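Residue strings, one per chain:
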Amino acid sequence: MKLLEAIKLGQDNLKNSMVMAPMTRSRATVDGLVGESTQVYYSQRASAGLIITEAINISKQALGSPLTPGIYTTEQIAAWKKVTQAVHEKGGVIYAQLWHTGRVGHSLVKNGELPVSVSAVAIEGQQHFTMEGMKDYETPRALSTEEVKSIVQEYKQAAINAIEAGFDGVELHSAFGYLPNQFLADSVNQRTDEYGGSDENRNRFVVEIMQEMVQGIGEAKVGIRISPTSTYNGISHQHPVEQFSLLIQELNKLPLAYIHIMHVPFSPEQFPTYPSSSIETFGKISQHPVIANLGYTRETGEAELQKGIAKLISFGTLFIANPDLPKRFELNAELNQADRATMYGGQDQGYIDYPFLT
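Residues numbered from 1 in each chain as written. Predicted model: local features only at pLDDT ≥ 70, side-chain atom pairs only at ≥ 80, totals over all residues. Heavy atoms only, no water.

### Examining the UniProt feature "domain: NADH:flavin oxidoreductase/NADH oxidase N-terminal" (unreviewed entry) in the protein chain
Mapped onto the present numbering, the UniProt feature "domain: NADH:flavin oxidoreductase/NADH oxidase N-terminal" (unreviewed entry) falls at residues 2-335. End C-alpha atoms of residues 2-335 are separated by 19 Å, and the span's content is 33% helix alongside 18% strand. (UniProt positions renumbered as here; feature names shortened; annotations may be inferred. Helix = DSSP H or I, 4+ residues; strand = E, 2+ residues; numbered from the N terminus.)

Take a look at the structure:
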C-alpha cells in the first residue's frame with residue numbers, strides 16, 4: 001500500500017506517505033500560547049509521516065480568529081518547543097504552517113484594529129466568528145507597498161522562529177482566502193503597484209515570501225499550500241490555470257520541500273475556466289513533491305498515489321478523530337467519527353480524548 005510506504009521529503013525520511021493536514025483547533029490562550037494539551041494532541045499523532053500544524057500567526061497583525069497560536073514572541077516560541085520535542089520523542093516530523101489572515105478577521109478580535117488586505121475590498125456573504133458572536137466582515141485597510149515588504153520579512157522571521165522552536169520546516173498558508181491568497185486573487189487584488197495588475201505581479205508577494213523563507217532557514221525546509229479552485233472567503237480567479245502555472249514555474253526555481261495542493265470542488269457553470277483537477281493540472285508541472293489534499297479516504301488516497309502525480313496525501317478530519325490513523329489504514333480497521341461540535345475551541349474533549357486501537 002503506497003500510503004504506508006516510507007518516503008524522503010526535503011531533508012527528512014518519513015515513515016509513511018500520510019500527512020496530517022493543518023487544521024485550526026482554537027485551543028491557544030488569548031496571548032497565542034499553546035499548552036500541555038497541544039503537546040499531547042500532536043504527539044498522539046506522531047505516527048503520521050509528516051504533521052503540519054494548525055495555522056500559526058506570524059505577527060500580532062496577522063491574528064484573525066480568537067484563541068489561535070502565534071510564533072512571534074519569546075513565550076510563544078518556548079511553548080512550541082515543548083510541542084516539537086514531544087513529537088520528536090515519538091519519532092515524528094513536524095512543520096509549522098505560517099499564517100496571516102489579512103481581511104479574514106474582525107476588529108473585535110484585533111483590539112479595535114481594522115483587518116488589512118491587499119486592497120480595501122470586504123468579504124461579502126459570510127460572517128466571522130468573534131468572542132461576541134458572528135459579525136459581518138468589515139472593509140479592510142489596504143496595505144501600503146512598504147507594509148507589504150515588511151510583512152514579507154515578518155514571514156521570514158517567523159520561519160526562523162519556527163526553526164528555533166524545533167520545527168523541521170515550515171509551510172506558507174497561501175490557500176483558502178488568507179492574505180497570500182488575497183494577493184493572488186483578482187477578485188480582491190486591485191493594486192496598481194508592483195503587487196497587482198498582472199499574473200506576475202499578483203504572484204509576486206507569494207514568490208518573495210518563499211524566497212525569503214528559503215534564504216532564512218535553508219534549502220528543502222519550506223513548503224507551500226495553495227487552493228487554485230477554492231472560492232471560500234470571497235476568492236475567485238479569472239484565469240487560474242495561467243496564473244497558478246506561472247506561480248508554480250517560479251516556485252520550481254526554489255529549493256523547496258514540497259507543494260501542498262488543495263483539490264477544492266467548485267461550480268463549473270459559475271467558473272468555467274477552472275481546471276477539473278488541481279492535482280493533475282498543477283501537480284504535473286511541479287518539480288517538487290506534491291501533497292494532495294481535501295476529503296481523501298483510505299481508498300481514494302491510495303488511488304491518487306497510484307496515478308503517480310501526488311507523492312503524499314494529507315488527511316484532516318480523519319486525523320482529528322483517529323490519532324493512530326496509519327495503523328487503522330494498515331489494518332483496514334473501523335474509524336472513529338469526528339465530533340463537529342468540539343472542532344473549534346473548548347477543552348480536552350474532542351481534542352486529545354479520541355481512542356486508539358486496543
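### Concerning the sheet that holds strand 11 (residues 222-226)
The strand order around the closed barrel built from eight strands is 3-4-5-10-11-12-13-14, with neighbouring strands paired in parallel fashion. Taking the axes of each pair of neighbouring strands and ignoring which way they run, one obtains an average angle of 25° across the sheet. By the bridge criterion, three bridges tie strand 13 (residues 290-293) to strand 14 (residues 312-315) in an arrangement that is parallel. Opposite Asn-293, over in strand 14, you have Ser-314 as the bridge partner. Helix 6 (residues 240-251) rests against strand 11 and strand 12 (258-262) of the sheet, and its axis sits at about 175° to strand 11. (Pairing = 2+ DSSP bridges. Axes fitted to C-alpha atoms, helices over the stretch in contact; angles between N-to-C directions. Contact = heavy atoms within 4.5 Å.)

### A word on the packing of aromatic side chains
For any two aromatic rings, the description comes down to two numbers: the centre-to-centre distance and the angle of the planes. Summed over the entire model, instances satisfying the criterion amount to 14 aromatic pairs. Look at Phe-183 and Tyr-195: their rings are 6.2 Å apart centre to centre, the planes differ by 80°, and that puts the pair in the edge-to-face class. Of this pair, Phe-183 sits in helix 4 (residues 179-184) while Tyr-195 is found in the loop between helix 4 and helix 5 (199-217), placing the two residues 12 residues apart along the sequence. The same class applies to Phe-183 and to Tyr-195, which are both buried. Ring geometry for Phe-315 and Phe-329: centres 5.3 Å apart, planes at 85°, overall edge-to-face. Placement of the pair is Phe-315 in strand 14 and Phe-329 in helix 10 (residues 325-331), with a sequence separation of 14 residues. Just as Phe-315 is buried, Phe-329 falls in that class too. Of the aromatic side chains, those joined through ring pairs into one cluster are Tyr-41, Tyr-42, Trp-80, Phe-167 and Tyr-351. (Phe/Tyr/Trp six-rings, centres within 6.5 Å; stacked < 30°, edge-to-face > 60°. Buried < 20%, exposed > 50% of the residue type's maximum accessible area, 1.4 Å probe, protein only.)

### Describing the pattern of salt bridges
Oppositely charged side chains are able to pair whenever their charged atoms sit close together. One pass over the structure, following the stated rule, counts 13 salt bridges. Put simply, Arg-202 and Asp-199 hold a salt bridge, and the shortest N to O gap is 2.6 Å. Here Arg-202 pairs with Asp-199, and both are found in helix 5, just three residues apart, close to one helical turn. Judged by relative accessible area, which is 9%, Arg-202 ranks as buried. By relative accessible area, which is 22% here, Asp-199 ends up partly exposed. Among the salt bridges present, the one from Glu-304 reaches Lys-307, with a minimum N-O distance of 3.8 Å. (Salt bridge = Lys/Arg side-chain N within 4 Å of Asp/Glu carboxyl O.)

### So, helix 8 (residues 298-307)
Given 3.6 residues per helical turn, the α-helix brings residues three or four places apart onto the same face. Turning to helix 8, its buried residues are Gly-301, Glu-302, Glu-304 and Leu-305. Here the buried residues of helix 8 occupy an arc of 160° about the axis, which is enough to place them on one side. Those residues of helix 8 that are exposed and angled more than 90 degrees off the buried face are Gln-306 and Lys-307. Taken together, the buried residues of helix 8 touch helix 7 (278-283), strand 13 and strand 14. (Arc of directions from axis to C-beta.)

### Considering the packing of helix 1 (residues 36-44) against helix 2 (residues 74-89)
In a pair of packed helices, the angle between the axes and the distance between the axes together describe the arrangement. For the pair helix 1 and helix 2, interaxial distance at closest approach is 8 Å and the crossing angle is 30°. As the angle between them shows, helix 1 and helix 2 are arranged roughly parallel. Of the two possible hands of crossing, helix 1 and helix 2 adopt the one that is right-handed. Seen from helix 1, the contacting residues are Thr-38, Gln-39, Tyr-42 and Ser-43; seen from helix 2, they are Trp-80, Lys-82, Val-83, Ala-86 and Val-87. Class assignment of the residues belonging to the contact of helix 1 with helix 2 gives a composition of five nonpolar, three polar and one charged. (Parallel < 35°, antiparallel > 145°, perpendicular 65-115°, else oblique. Left-handed = near helix turned anticlockwise from the far one by under 90°. Nonpolar A, V, L, I, M, F, W, Y, C, P; charged D, E, K, R; others polar.)

### Examining the nonpolar core
Ile-71, Leu-98, Phe-205, Met-210 and Met-213 are the most contacted members of the largest nonpolar core, which has 82 residues in total. Met-210 has contacts with Leu-172, Val-222, Gly-223, Ile-224, Leu-251, Leu-254 and Leu-256, leaving out every residue within four places of it along the chain. Among the nonpolar cores identified, the runner-up in size contains 12 residues, and Leu-14, Ile-52, Ala-257 and Leu-312 belong to it. (Core = buried A, V, L, I, M, F, W, Y, C linked by side-chain atoms within 4.5 Å.)

### Let's talk about a nonpolar patch on the surface
Where nonpolar side chains cluster on the molecular surface, the patch consists of Phe-129, Met-131 and Met-134 and spans about 360 Å² of accessible area. By the secondary structure assignment, Met-131 is in the loop between strand 7 (127-130) and strand 8 (133-136). (Patch = residues over 30% accessible without salt bridge, like charges linked within 9 Å, V, L, I, M, F, W, Y side chains within 5 Å. Areas by Shrake-Rupley, 256 points an atom, 1.4 Å probe, with all protein chains shown as cover.)

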